[in-house]
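# Structural features, examined
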Amino acid sequence: MIPSPGNPTGVVLSEAELDELLEICRRHGLFFICDEVYREFVYDVPLGQRAPSVLSRPDPDNLAIVIDSVSKRYSACGARVGCLVTRNTAVRDAAVRFGQARLSPATVDQYAGMAALDTPQSYFDAVVSEYSSRRDVLVSGLADIGIDVDKPSGAFYLAVALPVEDATAFSQWMVSEFTLDGESLCVTPLEGFYRTQGLGRNEIRMAYVLEQDILRRCTKILGAALQEWQSRGA
Ligand SMILES: Cc1ncc(COP(=O)(O)O)c(C=O)c1O
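Residues numbered from 1 in each chain as written. Predicted model: local features only at pLDDT ≥ 70, side-chain atom pairs only at ≥ 80, totals over all residues. Heavy atoms only, no water.

Attention now goes to the site of the ligand. Taken together, Pro3, Asn7, Asp35, Val37, Tyr38, Ser69, Ser71, Lys72 and Arg80 make up the full set of residues adjacent to the ligand. The separation between a nitrogen atom of the ligand and a polar side-chain atom of aspartate 35 is 2.6 Å. Within the contact set of the ligand, an oxygen atom lies 2.9 Å away from a side-chain nitrogen or oxygen of lysine 72. For the ligand, whose free accessible area comes to 400 Å², the fraction covered by protein is 70%. (Near = heavy atom within 4 Å. Polar contact = N/O pair within 3.5 Å; in protein donor to acceptor, adjacent residues only side chain to side chain. Areas by Shrake-Rupley, 256 points an atom, 1.4 Å probe, with all protein chains shown as cover.)

This is the structure:
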């Protein structure tokens with residue numbers, strides 16, 4: 001199961017990479033569940049273009065299953081409405097049975113989800129342009145405090161390696177004890193996203209879901225917090 005565009009890295013898989021993963025699944029008798037909830041959120045491509053979908057790739061054995069949700073596309077986190085899309089009828093039948101047996105989204109959320117389908121393309125163009133600018137503001141703010149990151153091409157997250165040993169301890173300290181002009185910063189330690197123990201210890205995830213001015217303040221707070229953390233010898 002792989003998200004593309006990815007949370008927490010923002011990586012967008014290319015068509016060739018999707019083909020390669022499908023081939024690996026075919027060889028090992030696996031389904032390929034691709035979480036594409038961020039597929040509208042892709043940058044540095046013409047407006048309106050989406051991330052490549054695994055469902056658009058050759059897949060004679062119908063191994064591809066896409067997971068989708070309304071929550072990112074329409075900024076509707078909390079609406080518990082999503083779906084599973086596949087050409088595999090056996091998987092579809094099993095999912096329908098699960099749905100009928102025990103899972104059922106709230107009626108009001110379903111009506112809201114249907115209304116959201118009428119959202120015009122101009123909404124997505126404006127949102128994607130804004131997120132692209134927010135990404136650039138965050139990346140350049142990080143560069144100003146000496147942290148270089150690869151520019152992600154999708155979703156709205158950045159994986160950031162910090163000059164600290166334990167990013168979880170640093171993040172906890174920052175949000176509970178550190179302020180700059182009365183403000184602090186809440187980030188997500190990245191270690192928990194890794195399967196391999198020990199990886200990501202010095203990394204955090206930053207989400208660029210706030211306004212550009214706030215993101216500029218965020219990198220200032222992070223820079224000042226890192227300086228103080230290092231001066232404490234932590
Ligand atoms: C890749 C990915 N898939 C799914 C979800 C959750 O979607 P929902 O709000 O529909 O539970 C998230 C939320 O952060 C996500 O990052």
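Read on, since the account is not over.
Attention now goes to the environment of tyrosine 43. In this fold, tyrosine 43 is placed in the loop between β2 (32-35) and β3 (64-69). Residue classification places tyrosine 43 among the buried residues on the basis of a relative accessible area of 3%. On a C-alpha basis, the gap between tyrosine 43 and leucine 199 in space is 28 Å, while along the polypeptide they are 156 residues apart. When sequence neighbours within four positions are dropped, the list of residues in contact with tyrosine 43 reads Val128, Tyr131, Ser132, Arg135, Pro152, Ser153, Gly154, Ala155, Phe156 and Tyr208. Within the structure, tyrosine 43 has its side chain in polar contact with the backbone oxygen of alanine 155 (distance 2.6 Å). (Helix = DSSP H or I, 4+ residues; strand = E, 2+ residues; numbered from the N terminus. Buried < 20%, exposed > 50% of the residue type's maximum accessible area, 1.4 Å probe, protein only. Contact = heavy atoms within 4.5 Å.)

Attention now moves to a nonpolar patch on the surface. A cluster of nonpolar side chains, contributed by Tyr111, Met114 and Leu117, occupies part of the molecular surface with about 380 Å² of accessible area. Tracing the backbone shows methionine 114 in helix α4 (residues 107-116). For methionine 114, a relative accessible area of 49% puts it in the partly exposed group. (Patch = residues over 30% accessible without salt bridge, like charges linked within 9 Å, V, L, I, M, F, W, Y side chains within 5 Å. Salt bridge = Lys/Arg side-chain N within 4 Å of Asp/Glu carboxyl O.)

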